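Observations on the model geometry
What follows is the residue order along each chain.
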Amino acid sequence: MDTPAVAKPNEAQDAQDLTDGFHLVIDALKLNGIKTIYGVPGIPITDFGRFAQAAGIRVISFRHEQNAGNAAAIAGYLTKKPGICLTVSAPGFLNGLTALANATTNCFPMILISGSSEREIVDLQQGDYEEMDQLAIAKPLCKAAFRVLHAADIGIGIARAIRAAVSGRPGGVYLDLPAKLFAQVMNREAGEKSLVAVIDPAPAQIPAPSAVKRALDVLKNAKRPLIILGKGAAYAQADDAIRALVEKSGIPFLPMSMAKGLLPDTHPQCAGAARSTVLQQSDVVMLIGARLNWLLSHGKGKTWGGAKKFIQVDIDPKEMDSNVEIAAPLVGDIGSCVAALLDGMAGNWTAAPADWTGAVKAKKDENIAKMAPRLMNNNSPMDYHGALGALRTVIKERPDAILVNEGANTLDLARGAIDMYQPRKRLDVGTWGVMGIGMGFAIAAAIETGKPVLAVEGDSAFGFSGMEVETICRYNLPVCVVIFNNNGIYRGTDTNSVGSDPATTTFVKGSRYDKMMEAFGGVGVQATTPDELKRAVDAAIDSGQPTLINAVIDPAAGSESGRIGNLNPQSVLRKK
Ligand code: OXT
Ligand code: ADP
Ligand code: MG
């Protein structure tokens, strides 16, 4: 193999003059401002974690790679820098892969760095320790996948991975580092010179003036305009410009789940509580960093109540016309696009028609008034609304806390009940509706922001990452986990009519998840009323101590699949 820059191991050279693969990877990451790595140690990356820690990188060791991967992905979303997940070969790599694919699907920038076995043996399929052709497997699940074979190429390999993750539409990147690479040595000075500090990793992408004019022309002629803000808009961190655009236009806005709080849910133009009305009755819809996927019923059908004109602001040109015709595609980064729209509106903009904004407000007020008494009940066992009423007040009083949310009913009802007030404070199951993001997201949110984290989890959802409560305790993170314990998936009341096995959707009744946190030195609390729940969460956030609250929810309170029960296929043979 031709490796010109690599020193021969038997060369009589002072170790001071040498560096190796381990240290080159670490130096390359540090040079590019990477401060934290999320992972699980083992062959061949155990020493890598130790050296990284010694070099001042924070290395957070998890109990399962999927949770480390989810942590890296959400770190990327929160910071606009790629989150790094480090795994061992084959099984560790595969455990991290769901998170990598989920990051790509959600447009979160992350890099999965995985140690791998020896190429020569893997490629001949001779049965190496944890043998697997990882690069080939990762490729379809990420934006880009690279392998580095020579120490001298580490700098360029890391640079490529960083740029691929954050430029254009962000996403997951795979970086394959075979075991042999880590031990390769090379001259220290040559090694330092080989590293690359990525210049302008996510360059601004300026929209064409003609596209901006077209978008404004469509918007100007609207009678019932609507702006939909997606998590791409939250990711862009163009918060002030987006707010200025919304307020200057006077147009009602609908936040997608993770865009809640980009402008406060209590903003007078927020139409979150009149969702069906605005989707059905609007005539022009401007999407900013939101895709017309299943979460928006693909832009058609009865949810949308007839033909619309769409304006779509997105960095990915391929997103345009993905489901329906886009009348005004505006391709560019959201910061630049929104600034250009604002420029174009300067001086001569008439606010959205008052009959439309008035109708939206009336519907929204009606829905809010309908929900209010349900959120105030103090029933025991709690129903979802009673428990959520307590948590809604917590976030109102502590708007800088980060809310992590997963489950079915626990997710769907929390989304509506808990108002968000600040950008990037709501982190949830995202585009795939995936369970298991909970503890990974909560850990990274605490580490990256230093803010308190409230993780509101269905009892099933929590189970996918629950072992990480030990990680939360080990790093003493200010995370309060609230488990909505209704004894099962959707409900705890299903029965099996033909045998003694439990029904497929039910769990052990009356489980005490709070004891799990106590097992690792954290605080465990059982809450049976909304008042108890509120007190326990307040105490957890005030103390900053790892806390898990087992919130006892009426097992009959939920509905199948929460608010997306319509997606369940129906069998003609199902007994009513
Ligand atoms: O306008 P209308 O009248 O329509 O009213 C709307 C709003 O205007 C109004 N609203 C308000 N009113 C008053 N005040 C306020 N503030 C307000 N805000 C809004 O309320 C309604 C509803 O508004 P919303 O929510 O905005 O609108 P809607 O119609 O729901 O929006 C549609 C969607 C599609 C955008 C929305 O529903 C959405 O985002 N949904 C996401 C759903 C999702 O992703 N679910 C997760 C997946 S479910 C299932 O797959 C599960 N699994 C399987 C599984 C998964 N997922 N992953 C893996 C790895 N393995 C398996 C499992 C195992 S869930 C699950 C576990 C479930 O059990 P748990 O124990 O965890 O949870 P429990 O159910 O609690 O037991
Ligand atoms: P939501 O689920 O909230 O509707 P999606 O994940 O469907 O949001 O959509 C996010 C969109 O935002 C993606 O199409 C992505 O290309 C786009 N996006 C992400 N970052 C930027 C950015 N900085 N500028 C422009 N578009 C972006
Ligand atoms: Mg449940």
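Thresholds applied
- Residues numbered from 1 in each chain as written.
- Chains lettered and ligands numbered in written order.
- Predicted model: local features only at pLDDT ≥ 70, side-chain atom pairs only at ≥ 80, totals over all residues.
- Heavy atoms only, no water.
- Helix = DSSP H or I, 4+ residues; strand = E, 2+ residues; numbered from the N terminus.
- Buried < 20%, exposed > 50% of the residue type's maximum accessible area, 1.4 Å probe, protein only.
- Polar contact = N/O pair within 3.5 Å; in protein donor to acceptor, adjacent residues only side chain to side chain.
- Pairing = 2+ DSSP bridges.
- Right-handed = clockwise from strand over helix to strand, strands pointing away.
- Donors = N, O, S within 2.8 Å, 3.2 Å for Na, K, Ca; no water.
- Near = heavy atom within 4 Å.
- Areas by Shrake-Rupley, 256 points an atom, 1.4 Å probe, with all protein chains shown as cover.
- Nonpolar A, V, L, I, M, F, W, Y, C, P; charged D, E, K, R; others polar.
- Domains from an automatic or database assignment.
- Patch = residues over 30% accessible without salt bridge, like charges linked within 9 Å, V, L, I, M, F, W, Y side chains within 5 Å.
- Salt bridge = Lys/Arg side-chain N within 4 Å of Asp/Glu carboxyl O.
- Expected span 1.5 Å × (residues − 1).
- Contact = heavy atoms within 4.5 Å.
- Buried area = accessible area lost by both parts, 1.4 Å probe.

Examining the side chain of Ser 114
- Mapping Ser 114 onto the fold places it in strand 5 (residues 110-116).
- A relative accessible area of 0% places Ser 114 in the buried class.
- Separated by 3.3 Å, the side chains of Ser 114 and Gln 134 make a polar contact.

Concerning the pairing of strand 4 (residues 83-87)
- Of all 5 residues in strand 4, 5 are buried, a share of seventy percent or more.
- Here strand 4 shows no split at all, with Gly 83, Cys 85 and Thr 87 on one side and Ile 84 and Leu 86 on the other all buried.
- Bridge analysis of strand 2 (residues 36-39) against strand 4 gives 3 bridges, and the strand direction is parallel. When the bridges of strand 4 are listed, Gly 39 appears paired with Leu 86.
- Pairing between strand 4 and strand 5: 5 bridges, direction parallel. Bridge pairing links Cys 85 to Leu 112 in strand 5.
- Where the polypeptide runs from strand 4 across helix 4 (residues 90-106) and back to strand 5, its parallel neighbour, the crossover connection is right-handed.

Topic: the coordination of the magnesium ion (ligand 3)
- The coordination sphere of the magnesium ion (ligand 3) contains the protein donors Asp 459 (OD), Asn 486 (OD1) and Gly 488 (O), at a distance range of 2.1 Å.
- Along the chain, the residues donating to the magnesium ion (ligand 3) fall in the pattern D-x26-N-x1-G. Residue Asp 459 is found in helix 19 (residues 459-463), and its partner Gly 488 is found in the loop between strand 17 (479-485) and helix 21 (514-519); the two are separated by 29 residues along the sequence. For the pair formed by Asp 459 and Gly 488, the shared burial category is buried.

Remarks on the site of ligand 2
- Around ligand 2, the structure places 19 residues, and the nearest of them are Arg 169, Lys 231, Arg 291, Asp 314 and Ile 334.
- A distance of 3.4 Å separates an oxygen atom of ligand 2 from a polar backbone atom of Gly 289.
- Contact with the protein chains covers 96% of the free accessible surface of ligand 2, which is 590 Å².
- Ranked by the residues each element gives to the shell around ligand 2, the list is headed by helix 11 (residues 231-235), at 3 residues.
- Residue composition of the shell around ligand 2, grouped by class: 8 nonpolar, 6 polar and 5 charged.
- Formed jointly, the shell around ligand 2 draws a minimum of three residues from each of two domains, domain 1 (15-194) and domain 2 (209-361).

Some words on the site of ligand 1
- If you check the shell around ligand 1, you find 34 residues, and the closest are Ser 276, Tyr 384, Thr 410, Asp 459 and Arg 563.
- One of the backbone N or O atoms of Arg 275 is found 3.1 Å from an oxygen atom in ligand 1.
- In the model, an oxygen atom of ligand 1 is placed 2.6 Å from a nitrogen or oxygen of the Asp 459 side chain.
- Burial of ligand 1 by the surrounding chains reaches 80%, relative to a free accessible area of 1400 Å².
- Broken down by secondary-structure element, the contributors of at least two residues to the shell around ligand 1 are helix 13 (275-281), helix 15 (354-375), helix 17 (409-417) and helix 19.
- The greatest single-element share of the shell around ligand 1, amounting to 6 residues, is contributed by helix 17.
- For the shell around ligand 1, the residue count by class is 17 nonpolar, 12 polar and 5 charged.
- Two domains share the shell around ligand 1, each providing at least three of its residues, namely domain 2 (209-361) and domain 3 (376-564).

A few points about a nonpolar patch on the surface
- Together, Trp 294, Ile 564 and Leu 567 line one region of the surface with nonpolar side chains, adding up to about 270 Å² of accessible area.
- Relative to the elements of secondary structure, Ile 564 occurs in the segment after strand 19 (547-552).
- Here Ile 564 falls in the partly exposed class, since its relative accessible area comes to 35%.

Points about helix 14 (residues 334-345)
- Across its 12 residues, helix 14 extends 16 Å between first and last C-alpha, which sits within 8% of the 16 Å expected from 1.5 Å per residue.
- Considered for burial, the residues of helix 14 that qualify are Ile 334, Ser 336, Cys 337, Val 338, Leu 341, Leu 342 and Met 345.
- Residues of helix 14 that are buried make contact with helix 10 (209-220), helix 11, helix 12 (239-249), strand 11 (284-288), strand 12 (309-314) and strand 13 (328-331).
- Structurally, the start of helix 14 carries an N-cap: the backbone nitrogen of Gly 335 is 3.2 Å from a side-chain oxygen of Asp 333.

Let's talk about the domain arrangement of the chain
- The assigned domain composition of the chain is domain 1 (15-194), domain 2 (209-361) and domain 3 (376-564).
- For domain 2 and domain 3, the distance between their C-alpha centroids amounts to 32 Å.
- Contacts between the two partners involve 16 residues from domain 2, matched on the other side by 14 residues from domain 3.
- Between domain 2 and domain 3 the total buried area reaches about 1400 Å² when both faces are included, carbon and sulfur atoms providing 52% of it.
- Inspection of the domain 2/domain 3 interface yields 1 salt bridge.
- The salt bridge partner of Arg 424 is Asp 239, with a shortest N-O separation of 2.7 Å.
- Where domain 2 touches domain 3, the interface holds 9 residue pairs in polar contact (both at pLDDT 80 or more).
- The residue inventory of the side of domain 2 that touches domain 3, partitioned by class, reads 6 nonpolar, 5 polar and 5 charged.

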